[in-house]
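# Topology and contacts: notes
This is what each chain is made of:
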Amino acid sequence: MDELLTLAHALNASPVHLLVPPDDDDAPYPVTPKVRIPRKLARWFVRGLESLPGQNWRLFGVEGPADEVVIRDGKSDEWTIGRRSDGERNRHAGR
């Protein structure tokens, strides 16, 4: 991981794009030997925005810092990343 972050810094690139090429969003990408998903979804997985097929998405979303939230706009591919209070966390616990 240290080398990946150092290389990303040296190239002035996001680490996610070093892991999953950003050139063809729909091209299949092998995230495991048996799971291939579109590259766009693989980048979302690396960013912690989307679980993989077969994963429990409820558990996937709770492993981050308790005060950090990522919300996806259901009408587009827009994401909001920020912080919320305990009360807001409970209100947005569903997917």
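Residues numbered from 1 in each chain as written. Predicted model: local features only at pLDDT ≥ 70, side-chain atom pairs only at ≥ 80, totals over all residues. Heavy atoms only, no water.

## Examining the pattern of salt bridges
Following the criterion strictly, the structure yields two salt bridges and no others. The shortest N-O distance in the salt bridge between arginine 39 and aspartate 23 comes to 2.2 Å. Remark: aspartate 23 occurs in the loop between helix 2 (15–19) and strand 1 (28–30) and arginine 39 occurs in helix 3 (residues 39–47); sequence separation between them is 16 residues. The buried category is assigned to arginine 39, whose relative accessible area is 17%. A residue is classified by how much of its surface remains accessible, and aspartate 23, at 62% relative accessible area, is exposed. In this structure, aspartate 25 engages arginine 43 in a salt bridge whose closest nitrogen and oxygen atoms are separated by 2.3 Å. Residue aspartate 25 is located in the loop between helix 2 and strand 1, and its partner arginine 43 is located in helix 3; the two are separated by 18 residues in the primary sequence. For aspartate 25, a relative accessible area of 32% puts it in the partly exposed group. The class of arginine 43 is buried, set by a relative accessible area of 6%. (Salt bridge = Lys/Arg side-chain N within 4 Å of Asp/Glu carboxyl O. Helix = DSSP H or I, 4+ residues; strand = E, 2+ residues; numbered from the N terminus. Buried < 20%, exposed > 50% of the residue type's maximum accessible area, 1.4 Å probe, protein only.)

## Observations regarding the confidence of the model for the chain
Caution is warranted with low-pLDDT regions, since their predicted coordinates should not be read in detail. Taken as a whole, the chain shows an average pLDDT of 77; of its residues, 63% reach a score of 70 or greater. When pLDDT is averaged over each helix and strand of the chain, the minimum, 43, is found for helix 5 (residues 86–91) and the maximum, 96, for helix 1 (residues 2–11). Confidence drops under a pLDDT of 50 for residues 84–95, and excluding neighbours within four residues, the segment shows ten contacts in the predicted structure. (pLDDT = per-residue confidence, 0-100. Contact = heavy atoms within 4.5 Å.)

## Remarks on the environment of proline 30
By secondary structure assignment, the location of proline 30 is in strand 1. By relative accessible area, which is 43% here, proline 30 ends up partly exposed. The spacing of proline 30 and alanine 42 is twelve residues in sequence and 8.5 Å in space, taken between C-alpha atoms. In contact with proline 30, other than residues within four places in its own chain, are Val35 and Arg36.

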